[in-house]
Amino acid sequence: MQRFIPTLRRDHVEEGLISVINTLQICAKEISHRLHQGELAGVLGSTLDENIQGETQKKLDVLANQLLKDILLENKFVRAVASEEEEGIVEGFADGKYLIAFDPLDGSSNIDINSMVGTIFSVLRAPQDGRTGTDMFLQPGRDQVMAGYVLYGPSTMLVFTTGKGVRVFTLDHMVGEFLLTDEDLEIPTETCEFAINMSNYRHWQPQMRAYIDDLLAGDTGPRCKNFNMRWIAAMVADVHRVLCRGGLFTYPWDSRKANKPYKLRLMYEGNPMAMLVEQAGGRAHSGEQRIMDIEPTDIHQRVGVILGSANEVETCLRYLQQDSQNGATDV
Ligand code: AFP
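Here is a short report on the structure shown in this document. Please read all numbers here as calculations on a predicted model, not as lab measurements.

1. A few points about the overall build of the protein
The secondary structure content of the protein amounts to seven helices and 17 strands. In terms of overall dimensions, the protein is globule-like: its C-alpha atoms have a radius of gyration of 20 Å, near the 20 Å expected for 331 residues. Summarising its shape, the C-alpha atoms of the protein cover approximately 55 × 45 × 45 Å along the three principal directions. A buried classification covers 56% of the 331 residues belonging to the protein. When contacts within the protein are restricted to residue pairs at least 6 apart in sequence, those whose partners lie at least 24 apart make up 61%. In the structure as shown, the protein presents an accessible area of about 14,000 Å², 47% of it carried by carbon and sulfur atoms. Each charge class in the protein was averaged separately, 32 positive and 46 negative side chains, and the resulting centres sit 1 Å apart.

2. Digging into the pairing of strand S5 (residues 98-106)
Judged by how many residues are buried, S5 sits mostly within the fold: nine of nine residues are covered. Where S5 lies against strand S6 (residues 117-125), seven bridges are found, and the strand directions are antiparallel. When the bridges of S6 are listed, Asp106 appears paired with Gly118.

3. Observations concerning the sheet that holds strand S15 (residues 283-285)
As summarised here, the arrangement of the five strands in space is S12-S11-S13-S17-S15, forming an open sheet in which the pairing is mixed. In the strand order of this sheet, the two ends are held by strand S12 (228-229) and S15, each with one partner. Two strands pair when backbone bridges link them, and strand S11 (residues 193-195) and strand S13 (residues 248-251) are joined in this way by two bridges, in the parallel orientation. Looking at S13, one finds that Phe194 is bridged to Leu248. Across the sheet, helix H4 (residues 206-217) lies against S11, S13 and strand S17 (305-308), angled at about 140° from S11, the strand it touches most. In the packing of helix H7 (residues 310-321) onto the sheet, the strands contacted are S13, S15 and S17, and the crossing angle to S17 comes to about 150°.

4. Looking at the environment of Thr250
In this structure, Thr250 sits in strand S13. Sequence spacing of Thr250 and Tyr149 is 101 residues, and the spatial spacing of their C-alpha atoms is 18 Å. Apart from the residues within four sequence positions on either side, Thr250 is in contact with Ala195, Ile196, Met208, Trp231, Val305 and Ile306.

5. Describing the site of the ligand
What surrounds the ligand is a group of 15 residues, the closest being Asp106, Gly107, Asn197, Met235 and Tyr251. A distance of 2.9 Å separates an oxygen atom of the ligand from a polar backbone atom of Gly107. In this structure, Met235 approaches the ligand through a main-chain N or O atom, which is 2.7 Å from an oxygen atom. In the complex, the protein chains occlude 84% of the 490 Å² of accessible area that the ligand would expose alone. Of all the secondary-structure elements, those providing two or more residues to the shell around the ligand are S13 and strand S14 (264-265). Here the residues of the shell around the ligand sort into seven nonpolar, four polar and four charged. In this structure, the shell around the ligand is formed jointly by two domains, domain 1 (2-182) and domain 2 (193-326), each of which donates at least three residues.

6. With respect to helix H3 (residues 59-72)
With 14 residues, H3 should reach 20 Å at 1.5 Å per residue; the first-to-last C-alpha distance of 20 Å fits that figure. If you check which residues of H3 are buried, you get Leu60, Asp61, Ala64, Asn65, Leu67, Leu68, Lys69 and Leu72.

7. Overview of the sheet that holds strand S3 (residues 78-83)
Strand order in the open sheet formed by eight strands is S4-S3-S5-S6-S7-S8-S9-S10, and the pairing between neighbours is mixed. Since the sheet does not close on itself, it has two edges, and those belong to strand S4 (90-91) and strand S10 (177-182), each with one partner. Across five bridges, the pairing between S3 and S5 is parallel. Bridging across to S5, Ser83 finds its partner in Phe102. Relative to strand S7 (residues 146-152), helix H2 (residues 15-37) is tilted by about 15°, and along the sheet it contacts S3, S5, S6, S7, strand S8 (156-161), strand S9 (166-172) and S10. This element, helix H6 (residues 266-279), spans S3, S5, S6, S7, S8 and S9 of the sheet and lies at about 85° to S6.

8. Notes on empty space enclosed by the protein
Tallied over the full model, the rule gives one cavity of 30 Å³ or more. By volume, the largest cavity is sized at about 30 Å³. Surrounding the largest cavity, Leu24, Cys27, Ala28, Ile31, Leu68, Thr119, Phe121, Val150 and Tyr152 form its lining. Within the residue set of the lining of the largest cavity, elements represented by two or more residues are H2, S6 and S7. A breakdown of the residues in the lining of the largest cavity according to their chemical character gives eight nonpolar, one polar and no charged.

9. Quick word on the packing of H2 against H3
For the pair H2 and H3, interaxial distance at closest approach is 10 Å and the crossing angle is 155°. By the angle class used here, H2 and H3 are roughly antiparallel. The handedness of the crossing between H2 and H3 comes out as right-handed. Contact with H2, carried on its side by Thr23, Leu24, Cys27, Glu30, Ile31, Arg34 and Leu35, involves Leu60, Leu63, Ala64, Leu67, Leu68, Ile71 and Leu72 of H3 and no other residues of that element.

The rules we used
Residues numbered from 1 in each chain as written. Predicted model: local features only at pLDDT ≥ 70, side-chain atom pairs only at ≥ 80, totals over all residues. Heavy atoms only, no water. Helix = DSSP H or I, 4+ residues; strand = E, 2+ residues; numbered from the N terminus. Rg over C-alpha atoms; globule rule 2.2 N^0.38 Å. Buried < 20%, exposed > 50% of the residue type's maximum accessible area, 1.4 Å probe, protein only. Contact = heavy atoms within 4.5 Å. Areas by Shrake-Rupley, 256 points an atom, 1.4 Å probe, with all protein chains shown as cover. Lys, Arg positive; Asp, Glu negative; His and termini not counted. Charge placed at Lys NZ, Arg CZ, Asp CG, Glu CD. Pairing = 2+ DSSP bridges. Axes fitted to C-alpha atoms, helices over the stretch in contact; angles between N-to-C directions. Near = heavy atom within 4 Å. Polar contact = N/O pair within 3.5 Å; in protein donor to acceptor, adjacent residues only side chain to side chain. Nonpolar A, V, L, I, M, F, W, Y, C, P; charged D, E, K, R; others polar. Domains from an automatic or database assignment. Expected span 1.5 Å × (residues − 1). 1 Å grid on protein atoms, 1.4 Å probe; cavity = no way out; pocket = protein on both sides within 12 Å on 5 of 7 lines; lining within 4 Å. Points joined across faces, edges and corners; volume = space filled by probe spheres on them. Parallel < 35°, antiparallel > 145°, perpendicular 65-115°, else oblique. Left-handed = near helix turned anticlockwise from the far one by under 90°.

Structural data, given as structure tokens:
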């Protein structure tokens with residue numbers, strides 16, 4: 001089985017990027033170790049603080065964030081990091097080539113029930129045009145040079161792309177190394193599975209409700225086939241399933257918060273997952289445009305997400321484009 005660095009060299013990944021991903025896998029092993037210790041490590045439960053998104057922070061959120069920051073900022077290729085958990089960016093080496101945006105522990109509400117969580121990362125080039133501070137990070141997702149995640153599940157997996165397909169590595173706890181377990185993930189274009197938080201049904205746009213209604217109608221409705229539903233409540237785990245066996249994942253527009261109608265974050269969740277999904281032959285859309293074409297205006301901005309099997313994303317978008325007065329049954 002191929003080891004980590006030789007696989008990257010074979011892919012002709014530039015040395016600086018190899019160094020960054022190598023640093024990320026060191027962090028992943030450390031976070032994985034703490035998670036597997038669970039209650040024994042005394043890191044479960046919440047702190048009394050809220051993060052920049054106004055969410056209660058879990059102790060492991062704080063720990064994973066600190067760990068990633070500390071270790072990444074020692075890498076001379078890192079110009080700056082941006083974390084979902086922090087208001088501003090943190091500067092690294094002035095001549096560093098890369099910017100790293102990360103969600104240190106996605107799905108952290110799963111920690112207390114010993115269920116799956118993950119770390120998501122996105123790597124951009126540090127601009128050479130004089131931009132400084134957070135402005136450096138305001139680049140569209142299509143400019144990412146690497147994106148990926150670590151899934152802490154029954155096994156720990158590192159899944160990433162440098163723009164040449166999606167590689168999957170599994171942590172061998174015996175040797176303490178990530179080994180290549182899938183060369184090239186490919187998402188089937190058709191699917192019979194979807195992932196959405198159904199409890200928000202009444203807050204969606206009528207077009208989204210119509211789309212889901214038709215999925216639920218199964219072979220008695222206009223789609224003429226039965227659909228299965230899954231929701232892990234950790235985007236990493238839901239997207240991992242989509243990458244492995246296809247499906248549609250969405251966290252759509254929600255009427256409850258006028259100024260924040262979306263839940264997921266563009267830089268830490270939308271863009272990196274979109275790059276992985278597109279590299280695996282799927283589609284990733286906000287409902288209005290391709291996610292990776294969005295020009296960000298804020299490092300913490302939120303985005304609608306509809307991603308997965310290409311044909312199913314296409315179908316969902318056709319429903320969304322319909323006039324809400326027309327039914328959706330002719331889609
Ligand atoms: P947490 O990290 O706060 O648990 O949020 C996870 C997440 O951002 C994303 O990973 C999930 O897909 C989504 O939220 C789950 O949302 P619900 O709480 O609505 O199920």
